[in-house]
Structure formats: structure tokens, C-alpha cells
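Structural features, examined
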Amino acid sequence: MTWTRRELVQAAMASVVAGLSPGRRAFAFGDATAVDVAELDLGGTLTRPLAWKRVLSELLNVTSVEARPESVVVSPEDPALFDHPFCVLAGRTGFADPSALAVKQLEAYVSYGGFLFIDDASGDASPGPDSFDASVRRLLSRMYPRRALAPLPPEHAIYRSFFLLSRVPGRVDIAPRLEGLTLDAHAPVVYARNDIGGALDTDAVGLPVEPCVPGGETQRREALKVALNTLLYALTSDYKLDQAHVRQLLLEKRGPLP
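The notes below deal with the structure included here. (Residues numbered from 1 in each chain as written. Predicted model: local features only at pLDDT ≥ 70, side-chain atom pairs only at ≥ 80, totals over all residues. Heavy atoms only, no water.)

A few words on the pattern of salt bridges. Applying the stated criterion across every chain, the model contains 15 salt bridges. Asp97 is paired through a salt bridge with Arg138; the nearest N and O atoms lie 3.4 Å apart. A residue pair is termed long-range when its members are at least 10 positions apart, and Asp97 in the loop between β3 (86–91) and α3 (100–111) and Arg138 in helix α4 (residues 132–143) qualify at 41 residues. Residue Arg138 is classed as partly exposed on the basis of its relative accessible area of 33%. Put simply, Arg48, Arg92, Arg171, Asp195 and Glu210 are held in one network by salt bridges that share partners. (Salt bridge = Lys/Arg side-chain N within 4 Å of Asp/Glu carboxyl O. Helix = DSSP H or I, 4+ residues; strand = E, 2+ residues; numbered from the N terminus. Buried < 20%, exposed > 50% of the residue type's maximum accessible area, 1.4 Å probe, protein only.)

See below:
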């Protein structure tokens, strides 16, 4: 199965991204038939490989999408970023402003087909100037000075890409909507304030690491639905208004999730 977004990236990156760093080869997204997750390392940020392994394993169980249930950690300056069309930036606290090269490469990654999911793990409903939230908004303002995050409305495709979502809880439930940065009618940057990864993280034997408040295990199942919807939106956003095409990508049976 080949995704249109990735085909466009492969054509564009050779001519555009090669100019990011003199002497480096041009690069394009990697294996177009197996999805994995790249977790961004900005220094002091979080990685939760077992959380995303769980999501990718569930993706294999409930859809016809091919996936590798693994995550890798990459720096935003590393050309290996372009081998992974879905990446996650998570954190509990503020992080130092990335280098100009990192910002330029992230902007190219997003503009030419990469998907960036940002996950605020702080659980803070009123973040301050030194918070993860503030660092995220500074980073995105450097990437796209003329655009800003905005709540994604209830009718947005991300809330119906697989499950029909009315809320987007994670480990906490403080924000009723996802936020997104919209480019050319789709949102390649999505921001969750409810710590989706925290709800899905497990220990070595598969038990949850942290409780979900206030909704417990029901809330944890809803967080998994949010993660699956986000992955499928990222993979099918070129077709997000074409429900017939989306149905071709999914199995008739939606699996064990309620």
C-alpha cells in the first residue's frame, strides 16, 4: 500500500531538503508500506516507546494498515527524521529553543508531508511562561510565523477518521479539543493537552504506568482511540473527505475496542 502524501514527499524532498545542510544527501521518507513512530529528542523531552508500540500493535489489529510496532528516537537535526512520516514530541516541562537548523528541518519535514503529534504530559491546565506548552508555541511560531495553533472544530476529520470522538482524554482530561496548525486544508501538526502517551504507557509486562484521572480505565480506552484516530488521520489526510477511500484502508471489523 502506498500513501499519496509520501509519494509527494519523495518527489519534493530531493530538490528542497537537500539545501538544508551543504554536503548532505537529499532524503525522502522511508518505507512507504510500514508505519512506525519517531520520537523527537529536544533535550529534556519525553520518549515513551512502549506507549507507541501499543498503539501500533492495535493499529495492526483493527485496520489493514501495515505497521512496525516500534518507535525510534531522533534529533530534529538528524536526516533520519525523514525516514519516519509520523513523529511525536512529548514533554512535561519547557525545553530550550532548538537550533536554526533544527527548526528549518522540522519546517521542511512538516511542509513536505511529515506529521508532527505534540503531546503535553504536564497535566497543567494553566501553563506558565516556562512550561512545555509555552516552548511548543515558541517552536511553532518559528516554524510558521504567520500561522498559529487553533482548536480543531468538532466536525474535523481527525475526530471521525476511525472512531467517532466527542472528547480527547488522555492521562488527564483538561482540554476538550485537540489543537492543530493547518496548512492547505489539512493539519500536519496536532497538539494534545491531555497527555495521550501517559495514558498508554506501560511497564515491561504491559501494565499501565500511570492512573488516568478522573475517568480511570474507561478514559484509558478513549485515549487509545484518540491515538489511533490521529495515526489514521495522518496517513489518510490526503483523502480525508473521501470516506469511500478510507473504508478501503480499514477492515470491516473494528476490533476489540468498544
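Relative to the assigned elements, Arg167 resides in the loop between β5 (150–151) and β6 (179–183). Taking C-alpha positions, Arg167 is 9.1 Å from Pro154, a pair spaced 13 residues apart along the chain. Leaving out residues up to four positions away in the same chain, Arg167 has contacts with Asp173, Ala175, Pro176 and Val226. A polar side-chain atom of Arg167 sits 2.9 Å from a polar atom in the side chain of Asp173. (Contact = heavy atoms within 4.5 Å. Polar contact = N/O pair within 3.5 Å; in protein donor to acceptor, adjacent residues only side chain to side chain.)

So, about the packing of aromatic side chains. Inspection of every chain in the model, using the stated rule, returns 7 aromatic pairs. Between Phe162 and Phe163, the ring centres sit 4.8 Å apart and the planes meet at 75°, which makes this aromatic pair edge-to-face. For Phe162, a relative accessible area of 2% corresponds to the buried category. A residue is classified by how much of its surface remains accessible, and Phe163, at 6% relative accessible area, is buried. Of the aromatic side chains, those joined through ring pairs into one cluster are Trp52, Phe86, Phe115, Phe117 and Tyr233. (Phe/Tyr/Trp six-rings, centres within 6.5 Å; stacked < 30°, edge-to-face > 60°.)

Cis geometry marks the peptide bond from Val213 to Pro214; its omega dihedral reads 5°. Position of Pro214 relative to the elements: it lies in the loop between α5 (196–200) and α6 (216–236). Positive phi values are uncommon outside glycine, yet Asp184 reaches one of about 50°. Within the secondary structure layout, Asp184 lies in the loop between β6 and β7 (186–192). At Asp195, a position not held by glycine, the phi torsion is positive, near 60°. Tracing the backbone through its elements, the reader meets Asp195 in the loop between β7 and α5.

At a minimum axis separation of 10 Å, helix α2 (residues 49–62) and α6 run at an interaxial angle of 75°. Considered as vectors, α2 and α6 are oriented roughly perpendicular to each other. Contacts between α2 and α6 involve Trp52, Arg54, Val55, Leu56, Glu58, Leu59 and Val62 from the former and Arg220, Leu224, Ala227, Leu228, Leu231 and Leu232 from the latter. Partitioned by chemical class, the residues of the contact of α2 with α6 number 10 nonpolar, no polar and 3 charged. (Axes fitted to C-alpha atoms, helices over the stretch in contact; angles between N-to-C directions. Parallel < 35°, antiparallel > 145°, perpendicular 65-115°, else oblique. Nonpolar A, V, L, I, M, F, W, Y, C, P; charged D, E, K, R; others polar.)

Another point: the pairing of β3. Most of β3 sits inside the fold, with 6 of its 6 residues counted as buried. Here β3 shows a buried face lined by Phe86, Val88 and Ala90 and a second buried face lined by Cys87, Leu89 and Gly91. Looking at chain direction, strand β1 (residues 35–40) and β3 are connected through 2 bridges and run parallel. Bridged to Glu39 within β3 is Val88. Summarising the sheet, β3 and strand β4 (residues 115–120) pair through 6 bridges and their orientation is parallel. Opposite Val88, over in β4, you have Phe117 as the bridge partner. In this fold, the crossover linking β3 to β4 by way of α3 has right-handed handedness. (Pairing = 2+ DSSP bridges. Right-handed = clockwise from strand over helix to strand, strands pointing away.)

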